[in-house]
Amino acid sequence: MASCSSLLSEDQFQCSICLDVFIDPISIPCGHNFCKACITKYWDNCDLCQCPMCKMTFDKRPDLYVNTFISEMAAQFRKSEPLKAAISSDLRPTKPEVSCDYCTGTKLKALKSCLVCLASYCETHLEPHQRVAALKKHKLIDPVENLEDRMCQKHERPLELFCRTDQTCVCRFCTETDHKTHDTVPLEEECQVKKTQMKKTEGNMQQMIQEKLEKVQEIKLSVESSKRDAKREISDSVQVFTALVRSIERSQAELIEVIEEKQKAAEKRAELLIQDLEQEITKLKRRSTELEQLSHTEDHLHLLQRFPSLSTPLHTKTWLEISVHSGLSVGAVRRAVSQLEETLNKEMEKLPEVKLKRIQQYAVDVTLDPDTAHPYLILSEDGKQVTHGDMKQDLPDNPERFDYCSCVLGKQGYSSGRFYYEVQVQGKTEWDLGVARESINRKGEITLSPEDGYWTVILRNGNTYIATDPCVLLSLRQKPQKVGVFVDYEEGLVSFYNVEARSHIYSYTGCTFTEKVYPLFSPSLNDEGDNSAPLINSPVTH
């Protein structure tokens, strides 16, 4: 198998700024590659952060990471460059050495072959063809083997022409018989055509190779990006669950402390009750002894004198309703669990906030496309705001324009990767936001559903939020003033967020995207001024 260096040219590993083979190559978001030092210096000397090749402008300077794949390829190319000539010569097919047909004994190397004589000649035996007038008319070519294969089997004449009709080599006599009406040209002319075709085919092959190499790099970069995202998600989840574990441990410790304190209080109370009981028991025993002794006396006077005092009931407490317990009811445990659940909910609410911060790094600059806007929609000059007017504008009815539903698309479509944008909806009572595929029907009445190519969330009557999936009523704690829309093309995900509340609104999952998707906006009807506020594409602030 040929090495990559034999398939690729130096141009494919040249930085377009320094015009030399890449050193520490990096890839910027538009897909072009440069030396890290070259693009850094270029941006340092420019007012705008843009690509020197395609002029795509970036809101902020992208993070630069060395493209390891291109770096390795460039390094291998530099190593192979000194041997390029040797490699090329090794791969170039060598001409077979043809012997003279007229030499006897040791055959010398032929200088020419004659297509008339069907023989090859060395320098000595070629001399008659250079001297004799009749032989001078013979067609001489560089020495070749198997001269009979270059002759027409039917007419025994040299194959000098090419029949384009039958795609075969023919002789002069063939053009007067079987190929008389066919399109025939000299071999040299057809060879030039074929060489042009081969050059074009080779160019296409090189382009295919380059595209596949770039795809390999794209996949590798995607894997690296996925690894970074997974690492961030693991870190975020570890933080949240660590906080939860600490909260559970703290709640458990507090509950144990309360139980132990109540148990100590119960034990102290029990000690006091036991002391009182023991004192009453002592009094009762003493009275019982006195009664026993008095019942056996023979002194009748003494018995009658003592009996009244001994028959008077002793003053004691009523103990039937007195009990000792810790006083820790099931309700207390439930309250502790309820507090823990509240803490859990608060921690879980942080997850959308963490995720929103992470996806805001995929923010794109959305500009509305006037060629798609419904004639009643009014767009701002900068293409960042849209509102519904009361009069139809005189606009061309091009295929891209919505003619029934008051919608407009963003100019930029996306067929891979991730993107995120934010829209201010403050002051509006109705709106539609989301994304739509490129091939949607834009004429007549449309249905906002994934089956028809729309992934949207809408507001109706000022407080009714619906995900058109096809119709899911949403319960939101807070009314969003700014809505964030995030799309992961490969993952098949479309998510909506309340930006100010840092909370999740709704997500379409398992979507299948096979073409470009565009941001979709509808400010809905003006409603006699009640819904006159514009939808505004807001810059994303992290």
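Residues numbered from 1 in each chain as written. Predicted model: local features only at pLDDT ≥ 70, side-chain atom pairs only at ≥ 80, totals over all residues. Heavy atoms only, no water.

(A) View of the sheet that holds strand 19 (residues 503-508). Spatially, 9-10-21-12-17-18-19 is the arrangement adopted by the seven strands of the open sheet, whose pairing is antiparallel. Of all strands in the sheet, those bounded by a partner on one side alone are strand 9 (377-379) and strand 19. Averaged over neighbouring strand pairs, the angle between their axes works out to 20° when direction is ignored. Relative to strand 21 (residues 535-538), strand 12 (residues 418-424) is paired through three bridges, and the arrangement is antiparallel. Residue pairing in the sheet places Q424 in a bridge with I536 of strand 21. (Pairing = 2+ DSSP bridges. Helix = DSSP H or I, 4+ residues; strand = E, 2+ residues; numbered from the N terminus. Axes fitted to C-alpha atoms, helices over the stretch in contact; angles between N-to-C directions.)

(B) Inspection of the sheet that holds strand 13 (residues 431-437) at higher detail. Spatial strand order, 11-20-13-14-15-16: six strands in an open sheet with antiparallel pairing. The strands lining the two open edges of the sheet, one partner per strand, are strand 11 (408-409) and strand 16 (472-474). Alignment of strand 13 against strand 14 (residues 454-460), held across six bridges, turns out to be antiparallel. By the bridge assignment for strand 14, D432 is matched with I458.

(C) Just the packing of helix 7 (residues 187-295) against helix 8 (residues 300-311), in detail. Contact geometry of helix 7 with helix 8 gives a least axis separation of 11 Å together with a crossing angle of 160°. Classed by the angle they form, the pair helix 7 and helix 8 counts as roughly antiparallel. Judged by the twist between their axes, the crossing of helix 7 over helix 8 is left-handed. Facing helix 7, whose interface residues are R287, E290, L291 and L294, helix 8 presents H302, L303, R306, F307, S309 and L310. Residues belonging to the contact of helix 7 with helix 8 are distributed by class as follows: five nonpolar, two polar and three charged. (Parallel < 35°, antiparallel > 145°, perpendicular 65-115°, else oblique. Left-handed = near helix turned anticlockwise from the far one by under 90°. Contact = heavy atoms within 4.5 Å. Nonpolar A, V, L, I, M, F, W, Y, C, P; charged D, E, K, R; others polar.)

(D) Highlighting the environment of I281. Inspection of the secondary structure puts I281 in helix 7. A residue is classified by how much of its surface remains accessible, and I281, at 43% relative accessible area, is partly exposed. (Buried < 20%, exposed > 50% of the residue type's maximum accessible area, 1.4 Å probe, protein only.)

(E) The pattern of salt bridges, seen in detail. Overall, the coordinates contain 16 salt bridges when judged by the stated rule. Among the ionic pairs, K112 bridges to D142, the shortest N-O distance being 3.4 Å. Taken as a pair, K112 in strand 3 (residues 112-114) and D142 in the loop between strand 5 (140-141) and strand 6 (161-163) lie far apart in primary sequence, 30 residues in all. On the accessibility criterion, K112 (28% relative accessible area) is partly exposed. Between D432 and R460 there is a salt bridge, and its shortest N-O distance comes to 2.9 Å. Of this pair, D432 sits in strand 13 while R460 sits in strand 14, and the two are 28 residues apart along the sequence. Bridged by salt links that share partners, the residues R164, E189, E190 and K194 form one connected network. (Salt bridge = Lys/Arg side-chain N within 4 Å of Asp/Glu carboxyl O.)

(F) Structural context of the confidence of the model for the protein. With 90% of its residues at a pLDDT of at least 70, the protein reaches an overall mean of 85. Note on residues 1-7: pLDDT is under 50 here. Beyond four places in sequence and across chains, it has six contacts. Note that pLDDT drops below 50 for residues 83-92; the model gives that stretch one contact with residues more than four away or on any other chain. (pLDDT = per-residue confidence, 0-100.)

(G) Region of the structure containing the packing of aromatic side chains. According to the stated counting rule, one finds ten aromatic pairs in the structure shown. Here W431 and Y465 contribute two aromatic rings whose centre-to-centre distance is 6.2 Å and whose plane-to-plane angle is 55°, an arrangement assigned as tilted. With a gap of 34 residues between them, W431 in strand 13 and Y465 in strand 15 (residues 464-467) connect regions that are remote in the sequence. Ring centres of Y489 and F513 lie 5.3 Å apart, and the angle between their planes is 35°; this geometry places the pair in the tilted category. In this pair, Y489 sits in the loop between strand 17 (482-488) and strand 18 (493-498) while F513 sits in the loop between strand 19 and strand 20 (517-522), placing the two residues 24 residues apart along the sequence. (Phe/Tyr/Trp six-rings, centres within 6.5 Å; stacked < 30°, edge-to-face > 60°.)

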